[in-house]
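Results of the structural survey
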Amino acid sequence: MKTLRLAVPALAVCVALSACGGQGGGGGTPTPTPTGAQPVTSQPTPDPTASPSTVAPTVPPRVKSPKPGGPSTPPGVGATTLSGTVQGGVEPGCVLLDGYLLLGGPRDVLTPGARVEVTGRVEPGMMTTCQQGTPFVVTVARRS
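The notes below deal with the structure included here. On a predicted model such as this, the values are computed, not experimentally measured, just so you know.

Concerning the overall build of the chain
For the chain, the count of helices and strands is 1 helix and 6 strands. Reading the secondary structure of the chain in the N-to-C direction produces α-β-β-β-β-β-β. The contacts in the chain between residues at least 6 apart in sequence include a share of 56% that link residues at least 24 apart. Summed over all atoms, the accessible surface of the chain reaches about 11000 Å², with 61% contributed by carbon and sulfur.

As structure tokens, this is what we get:
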């Protein structure tokens, strides 16, 4: 009985200490990572005395999309060009070309039945609401 009276409080202390050690958000010194680097705990605050020319913009500049049928630009690295007839998908607003689900691009050009040439990139891991096709992000589309 005396052993039980000593074991229960000892067990309670062990449980309390392991619970405190498992909390990640508590104050104190952060636990060093295996490389010795300290984990980042907050975003650095911008220097109010810095000139505007040294502060990086947080919003990327807008890129104008080319007009349908206008001059084309050379495709970027990893770009693919497809051509054929656009087909309607099983879901409203979904259009396909040769088994690729066309995402983005000018919707007035990418209509079912239209013969087009599109340039863009395949994004097989992208989630969509359409039930078919491999996602293809269109950067340039024109009627052919």
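Quick look at the environment of L96
The residue L96 is located in strand β3 (residues 95-97) in this model. Aside from chain neighbours lying at most four places away, what touches L96 is T85, V86, Q87, G88, G89, L101, L102, Q132 and G133.

Description of the state of the cysteines
Per the stated rule, a full pass over the model turns up 1 disulfide. Across a sulfur-sulfur distance of 1.7 Å, C94 and C130 are joined as a disulfide pair. Of note, the bridge from C94 to C130 carries an S-S torsion of about -85° and is left-handed in sense. Taken together, the residues span a long stretch of sequence, with C94 in the loop between β2 (87-88) and β3 and C130 in the loop between β5 (115-122) and β6 (134-143) at a distance of 36 residues. Here C94 matches C130 in class, with each residue buried.

Overview of the side chain of T119
You can see T119 is positioned in strand β5. The exposure class of T119 is buried, given its relative accessible area of 12%.

Considerations on the sheet that holds strand β1 (residues 80-85)
Pairing in this open sheet of 6 strands is mixed, and the strands run β1-β5-β6-β4-β3-β2 from one edge to the other. Taken across any chain shown, the strands that pair with only one partner, and hence form the sheet edges, are β1 and β2. As judged from the 2 bridges shared by β2 and β3, these two strands associate in the antiparallel manner. Its bridge partner lying in β3, Q87 is registered against L96.

As for the pattern of salt bridges
Scanning all chains against the criterion turns up 2 salt bridges. The salt bridge involving E123 is made with R121; its shortest N-O contact spans 2.8 Å. The partly exposed category is assigned to R121, whose relative accessible area is 38%.

Details of the nonpolar core
Counting residues in each nonpolar core, the largest one holds 13 residues, and the members touching the most others are L102, L110, V116, V118 and V138. Looking at this core, the elements that each hand over two or more residues are β3, β5 and β6. Here this core gets 3 residues from one element, more than from any other, and that element is β6. Here L102 is in contact with V86, V95, L96, L97, R107, L110, V118, F136 and V138, once residues within four sequence places are set aside. The next biggest cluster of nonpolar side chains, apart from the first, holds 5 residues, and it includes L96, L101, L103 and C130.

What to know about the environment of G125
With respect to the element layout, G125 can be found in the loop between β5 and β6. The spacing of G125 and P135 is 10 residues in sequence and 8.0 Å in space, taken between C-alpha atoms.

What counts, and at which threshold
Residues numbered from 1 in each chain as written. Predicted model: local features only at pLDDT ≥ 70, side-chain atom pairs only at ≥ 80, totals over all residues. Heavy atoms only, no water. Helix = DSSP H or I, 4+ residues; strand = E, 2+ residues; numbered from the N terminus. Contact = heavy atoms within 4.5 Å. Areas by Shrake-Rupley, 256 points an atom, 1.4 Å probe, with all protein chains shown as cover. Disulfide = S-S within 2.5 Å. Buried < 20%, exposed > 50% of the residue type's maximum accessible area, 1.4 Å probe, protein only. Pairing = 2+ DSSP bridges. Salt bridge = Lys/Arg side-chain N within 4 Å of Asp/Glu carboxyl O. Core = buried A, V, L, I, M, F, W, Y, C linked by side-chain atoms within 4.5 Å.

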